[in-house]
Amino acid sequence: MPDPPPPEPLPTPISIPARGTAATLDIATWNLLYFGAANQGPTDEALQLARVRDVILGTDADLWGVQEVTSATAFNTLAANLPGYAGLLANDSTVTDGTDYYTGGELKVGLIYKTSALEVTGARVILGELNHEFAGRPPLEVRVRLSHGGAQHDAVVIVLHAKADEQVSSWERRAAAGIGLKEYVDSAWSETLVLIPGDWNDDVDESITSGRDTPYRALVDAAPRWVFPTAELSAARATSILGFEEMIDHILASDEAMAWYEEGSALVYRVDELIPDYRDTTSNHLPVLVRLRPTG
C-alpha cells in the first residue's frame, strides 16, 4: 500500500533557538519515532513533520543522522520543507545495496544535511553480514566532502540504529554489532575523519541490560582512535529518551574528528521543553549534538 502524502499546509512553525553557529560544524543524531507511519508513533503525521522541521531548521546544525524513518514520501516532504538542506534515506536508489536491506515500510536510517556545508560523494549500506545483529537495519555509510572556511575535507558519516530492548539476547546482538563495526572502520577508514551518529540503543558507560557492561566496550576502549564525545553526557546522568535514565543516542568520532571537537560541547537538546506535548506530537527521543571547529 503506498504511503499517503501528508496533508497540506503544514501547521504553524514553533520557534526553536539555534544551537549551531556559522563558525562551527554542528553534528546531531535524532530518532524520529516512526516518522511517517500512519499507525505507529504520533498520530498526527502533518504535525509531527512540522515539529521535526521546526527542530531541524531552528537548531541550525549542519548534519543530522536520523533513525526510524518509515515513509520515504514523508522524508522527501520533510526535505522539501527544509530550505538549504537535502536528505538521503537508506533505501534511496543512489545508495548501493540500500534496497537489498531496506524496504518501503521498514524503519530506515538517513542523513539530513546543509548543502552549503556538505556534499555527498557516495553512499552504501554496510555490514550486511551483521543484518541480524543490527535488527535488520545495517548502517548507512555516506562519503562526504565537508566545506568550512574556504577549505574542504573528505570524511565518512555512518548512521546506525542498533538493536533495542533490555534482554540479554539483545545485548549480545548489540555487542556483536559493535565489534563488527569496529573491525570494519579500523580496516576501511583507518586514516579518515569518521563520524558515527546513531541510536545505539544502549549506553557507553554501563548497559541498560541489568548487570551488564556496555556492549560497546570494544569501541570505548579504542580511545584515542575512537571516542564517544557524548560519553560526557552519560557521566552527567543525562538522558536522550523520555521516560528513561540512560543515554542511548550517541555520536562516535575518529581521532581526526576529535581533533576538531569543542570540549564540553556535547548536548542533549531539551526541545521537549519548547514543544507542547512533545512526546505525543514529535518523538520520545531528544536530539543529541556535538560541535566541531575545523582547522586547516
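Residues numbered from 1 in each chain as written. Predicted model: local features only at pLDDT ≥ 70, side-chain atom pairs only at ≥ 80, totals over all residues. Heavy atoms only, no water.

## Observations concerning the packing of aromatic side chains
As a reminder, the rule being used: Working definition: a ring pair exists when centres of Phe, Tyr or Trp rings (six-membered ring for Trp) sit within 6.5 Å. Plane angles under 30 degrees give stacked, over 60 give edge-to-face, the rest tilted. By the criteria applied, helices consist of DSSP H or I runs no shorter than four residues and strands consist of E runs no shorter than two, each listed in order from the N terminus. For every residue, the accessible area (1.4 Å probe, protein chains only) is compared with the maximum for its type, and the residue is labelled buried under 20%, exposed over 50%, or partly exposed between those bounds. To sit over a ring, a charge needs its Lys NZ or Arg CZ within 6 Å of the ring centre and within 35 degrees of the ring normal.
Counted according to the given criterion, the structure contains three aromatic pairs. Ring centres 5.0 Å apart and planes at 85° place the aromatic pair W200 and Y216 in the edge-to-face group. Remark: Y216 occurs in the loop between β8 (193–199) and α5 (217–220) and W200 occurs in the loop between β8 and α5; sequence separation between them is 16 residues. Its relative accessible area of 1% is what places W200 among the buried residues. A network of ring pairs unites the aromatic residues W200, Y216 and F228 as a single cluster. The ring of W171 is capped by R212, whose NZ or CZ atom sits 4.7 Å from the centre of that ring. Lying over the aromatic face of W226, R225 brings its terminal NZ or CZ to 4.5 Å of the ring centre.

## Some remarks on the packing of helix α1 (residues 45–59) against helix α2 (residues 72–80)
Note the cut-off: Geometry is summarised by axes, namely lines fitted to C-alpha atoms with helices restricted to the contacting stretch, and by angles between N-to-C directions that run from 0 to 180 degrees. What sets the label is the angle itself: under 35 degrees gives roughly parallel, over 145 gives roughly antiparallel, 65 to 115 gives roughly perpendicular, and the rest give oblique. Definitions for this section: a left-handed crossing has its near helix turned counterclockwise from the far helix by less than a right angle. A right-handed crossing has that turn clockwise. Note on contacts: a residue pair qualifies if any of its non-hydrogen atoms lie within 4.5 Å across the two residues.
Where α1 contacts α2, the axes come no closer than 10 Å and their chain directions differ by 45°. The angle between the axes of α1 and α2 places the two elements in the oblique class. Here α1 and α2 pass one another in a crossing that is right-handed. Between α1 and α2, the residues in contact are L49, V52, R53 and I56 and A74, T77 and L78, respectively.

## A few points about the nonpolar core
Basically, it comes down to this: What makes a nonpolar core is a set of buried Ala, Val, Leu, Ile, Met, Phe, Trp, Tyr and Cys residues whose side-chain atoms join them at distances within 4.5 Å.
W30, F35, I56, W64, L78 and I112 are the most contacted members of the largest nonpolar core, which totals 65 residues. Apart from residues no more than four positions distant in its own chain, I56 is found in contact with W30, A61, W64, L78, L82, Y85 and I112. In terms of nonpolar packing, the next biggest core, distinct from the first, is built from 23 residues, I126, V156, Y184 and Y216 among them.

## Comments concerning the sheet that holds strand β12 (residues 288–292)
Condition: Between any two strands, pairing holds if DSSP finds at least two bridges.
The strand order across the open sheet formed by six strands is β3-β4-β2-β1-β12-β11, and the pairing between neighbours is mixed. The two strands at the open ends of the sheet, each matched to only one other strand, are β3 (85–89) and β11 (267–268). Strands β1 (25–35), β2 (63–69), β3, β4 (108–114) and β12 of the sheet are contacted by α1, whose axis makes an angle of about 175° with β1. Its contacts with the sheet put α2 on β1, β2, β3 and β4, and the angle it makes with β3 is roughly 165°.

## Here we look at α1
Counted only if it meets this: Here, expected helix span is obtained from the residue count minus one, scaled by 1.5 Å. Residues adjacent in sequence count toward polar contacts only when both atoms are side-chain atoms; beyond that, a polar contact is any pair of N or O atoms within 3.5 Å, and within protein one must be able to donate a hydrogen and the other to accept it.
Here α1 spans 21 Å end to end across 15 residues, near enough to the 21 Å set by a 1.5 Å rise per residue. A large share of α1 lies buried, amounting to 14 of its 15 residues. The opening residue of α1, the one whose side-chain oxygen lies 3.3 Å from the backbone nitrogen of A46, is D44. Directly beyond the C-terminal end of α1, a positive phi value near 65° is found at D60.

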